[in-house]
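Here's the letter readout for the chains.
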Amino acid sequence: SQQGEEDPQALSIQEGENATMNCSYKTSINNLQWYRQNSGRGLVHLILIRSNEREKHSGRLRVTLDTSKKSSSLLITASRAADTASYFCATSAINAGGTSYGKLTFGQGTILTVHP
Amino acid sequence: GAVVSQHPSWVICKSGTSVKIECRSLDFQATTMFWYRQFPKQSLMLMATSNEGSKATYEQGVEKDKFLINHASLTLSTLTVTSAHPEDSSFYICSASGTGSSYEQYFGPGTRLTVT
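Read on for a plain summary of the structure. Just so it is clear, the structure is predicted and the values come from calculations on it, not from any experiment. (Residues numbered from 1 in each chain as written. Chains lettered and ligands numbered in written order. Predicted model: local features only at pLDDT ≥ 70, side-chain atom pairs only at ≥ 80, totals over all residues. Heavy atoms only, no water.)

1. A word on the side chain of Gln-105 of chain B
Residue and element names in this part refer to chain B. Under the convention used in this document: Per the convention used, a helix needs a DSSP run of H or I reaching at least four residues, while a strand needs a run of E reaching at least two, with both numbered from the N terminus. Here's how the labels work: a residue is buried when its accessible area is under 20% of the maximum for its type, exposed when over 50%, partly exposed in between, all with a 1.4 Å probe on protein chains only. N or O atoms closer than or at 3.5 Å make up a polar contact, with two conditions inside protein: a donor-capable atom paired with an acceptor-capable one, and, for residues adjacent in sequence, both atoms drawn from side chains.
Along the chain, Gln-105 falls in the loop between strand 9 (90-97) and strand 10 (106-107). Judged by relative accessible area, Gln-105 falls into the buried class, the value being 2%. Within polar-contact distance, the side chain of Gln-105 engages the side chain of Tyr-36 at 3.1 Å. Within the local environment of Gln-105, its side chain forms a polar contact with the side chain of Ser-95, the two groups lying 2.6 Å apart.

The following block contains the structure:
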């Protein structure tokens, strides 16, 4: 079952503005990943943050992770029209041995529209 | 690197027939492959996890006799939707992960199945 919830469900901004998406989850995780999906296409991996990390950057992307609140956020700075897509967080649960099961549980996603 | 392909990219079939979808890792050995389905404007739901040479592990609520998964080699997994019905119409996406400590999954472009 889906354990991740994302908000907002939809976000509409102008080019150049920043976009922030949030993700919450319920169980202990090994890592949390963010993916992007253009309409009708497969997923593109954006960034992975491990449970012992608090913040990670990749280009215009900034991801934070707060394991005490079981939440993560994805910030896209200086957005472009080409960033228009659905964004999903996905968590990899931790097993009794302290490692990952491997399988991902996806959040509901945020539909981002960036207007030129 | 780390490219995953799916074939076909879209398929239309009649109710009652079976459809096979292939998932291939093109440039790495995929010890584990995952199959997801995605309904319009919804998130990805994991259907099953398959490890090369062993039986697939199905998620709760997924009929293993209806969705047959075979992972006969380190580069190929197949999903066969048997006796398809209109409610099976969906976007089916596979992902693959290789050996090593990386938790990243590489996603295929998806297969759009329409059952008439």
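Here the narrative resumes, following the displayed structure.
2. Comments concerning the sheet that holds strand 1 (residues 5-7) of chain A
All names here are of chain A. The criterion, for reference: Pairing between strands is defined by DSSP: at least two bridges between the two strands are required. Convention adopted: a line fitted to C-alpha atoms gives each axis, helices being fitted over their contacting stretch, and angles between N-to-C directions are expressed from 0 to 180 degrees.
Spatially, the 5 strands line up as an open sheet ordered 1-3-8-7-6, and their pairing is antiparallel. The open sheet has two edge strands, strand 1 and strand 6 (55-58), and neither has a second partner. Each strand of the sheet is rotated relative to its neighbour by a mean of 15°, with strand direction disregarded.

3. Focus on the interface of chain A and chain B
The test is simple: Contact between two residues is taken to exist if any of their heavy atoms lie within 4.5 Å; hydrogens are not considered. Two parts placed together each lose some accessible area; with a 1.4 Å probe, that loss summed over both constitutes the buried area. One side-chain nitrogen of Lys or Arg within 4 Å of one carboxyl oxygen of Asp or Glu is enough to make a salt bridge.
Listed by partner, the interface residues are 21 residues for chain A and 19 residues for chain B. Taken over both partners, the interface formed by chain A and chain B buries close to 1600 Å², and the fraction arising from carbon and sulfur atoms is 56%. Here chain A is connected to chain B by 1 salt bridge. Counting across the chain A and chain B interface gives 4 residue pairs in polar contact (both at pLDDT 80 or more).

4. So, the state of the cysteines
Keep this limit in mind: The disulfide criterion is simple: two cysteine sulfur atoms within 2.5 Å.
This structure, assessed with the given rule, holds 2 disulfides over all chains. There is a disulfide in this structure between Cys-23 of chain A and Cys-89 of chain A, and the S-S distance comes to 2.0 Å. Looking along the S-S bond of the Cys-23 of chain A-Cys-89 of chain A disulfide, the torsion reads about 70°, which is the right-handed sense. Residue Cys-23 of chain A is found in strand 3 (residues 19-24), and its partner Cys-89 of chain A is found in strand 9 (residues 85-94); the two are separated by 66 residues along the sequence. Take Cys-23 of chain A and Cys-89 of chain A: they sit in the same class, and that class is buried. The disulfide partner of Cys-23 of chain B is Cys-94 of chain B, and the gap between their sulfur atoms is 2.0 Å.

5. Here we look at the nonpolar core
Let me state the cut-off plainly: What makes a nonpolar core is a set of buried Ala, Val, Leu, Ile, Met, Phe, Trp, Tyr and Cys residues whose side-chain atoms join them at distances within 4.5 Å.
Grouped together as the largest cluster of nonpolar side chains are 23 residues, with contacts concentrated most on Trp-35, Leu-79, Tyr-92 and Leu-113 of chain B. In this view, Leu-79 of chain B contacts Val-19, Lys-20, Ile-21, Trp-35, Phe-67, Leu-68, Ile-69 and Tyr-92 of chain B; residues no more than four positions away in its chain are not counted. Met-21, Trp-34, Ile-47 and Tyr-87 of chain A belong to the second-largest nonpolar core, a separate cluster that totals 22 residues.

6. So, the packing of aromatic side chains
Inclusion rule: Two rings from Phe, Tyr or Trp (for Trp, the six-membered ring) form a pair when their centres sit within 6.5 Å of each other. Planes less than 30 degrees apart are called stacked, planes more than 60 degrees apart edge-to-face, and all others tilted. The rule for a charge over a ring is simple: NZ of Lys or CZ of Arg within 6 Å of the ring centre, and within 35 degrees of the ring normal.
Counting across every chain of the model gives 8 aromatic pairs over all chains. Ring centres of Phe-106 of chain A and Tyr-36 of chain B lie 5.5 Å apart, and the angle between their planes is 90°; on these two criteria the pair is classed as edge-to-face. On the criterion of chain membership, the pair formed by Phe-106 of chain A in strand 10 (residues 100-106) and Tyr-36 of chain B in strand 4 (residues 32-38) is interchain, its members lying in two chains. A single burial state applies to Phe-106 of chain A and to Tyr-36 of chain B, both of which are buried. One aromatic cluster is present, built from ring pairs that chain together Tyr-35, Phe-88 and Phe-106 of chain A together with Tyr-36 and Phe-107 of chain B. Residue placement shows Lys-66 of chain B over the ring face of Phe-67 of chain B; its charged tip is 6.0 Å from the ring centre.

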